[in-house]
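What follows is each chain in one-letter form.
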Amino acid sequence: MGLFGSESKFESSVKFVPYSQEAVYKNISDLRNLEKVRDRVPEDKVNDFSFDEDTVSLNVAPVGELKLRICEREEPKCVKFETVQSPVPFNVWVQVLPVDDNNAKMKVTVKAELNPFIKSMVEKPLQDGVEKIADALAQVHYT
């Protein structure tokens, strides 16, 4: 924790996914699978969307350039990302837990160290963004 900041945590609601935990994990742990959702990325808000196995880069209005990389894979239940380039450093966890053999549940968590002034400005957009990411991930066909 920094001198003027405190860790802020933003969590999505739990999303149910009609695919096995293994299928979901396999897809989110290799960012080349983002090709499946490229057509769902809002072009009015996101530019320069590119990715490889471990990193994703995009330019988000009005935030600017973001680059995240996978820093930890905990098969088959969690993929952790860290910022490589961002106006505010943060981490993202995508957790996947089994419901049964053919269904899973997922949650997205973002943790960032924010000073109180910045937090008051970004709290609502960050919470909304985390929920939108979780919604988008829940709609992917993990086959």
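Residues numbered from 1 in each chain as written. Predicted model: local features only at pLDDT ≥ 70, side-chain atom pairs only at ≥ 80, totals over all residues. Heavy atoms only, no water.

## Describing the environment of leucine 114
Of note, leucine 114 is situated in strand β8 (residues 103-114). Each C-alpha atom, one on leucine 114 and one on lysine 9, is 9.9 Å from the other, the two residues being 105 residues apart in sequence. (Helix = DSSP H or I, 4+ residues; strand = E, 2+ residues; numbered from the N terminus.)

## Observations regarding the pairing of strand β4 (residues 55-60)
With 5 of its 6 residues buried, β4 lies for the most part within the structure. As paired strands, strand β3 (residues 46-51) and β4 are joined by 4 bridges and run antiparallel to one another. In the strand pairing of β4, serine 50 is matched with serine 57. Connecting β3 to the next strand, β4, in antiparallel fashion are 3 residues. Here 6 bridges tie β4 to strand β5 (residues 64-74), and the two strands are oriented antiparallel to one another. Counterpart to asparagine 59 in the pairing with β5 is glutamate 65. Linking β4 to β5, which pair antiparallel, is a turn of 3 residues. (Buried < 20%, exposed > 50% of the residue type's maximum accessible area, 1.4 Å probe, protein only. Pairing = 2+ DSSP bridges.)

## Digging into unusual backbone geometry
A cis amide bond links glutamate 75 with the next residue in sequence, proline 76, at an omega value of -5°. We note that aspartate 48 has phi near 50°; this positive angle belongs to a residue other than glycine. By secondary structure assignment, the location of aspartate 48 is in strand β3. Given the relative accessible area of 59%, aspartate 48 is considered exposed.

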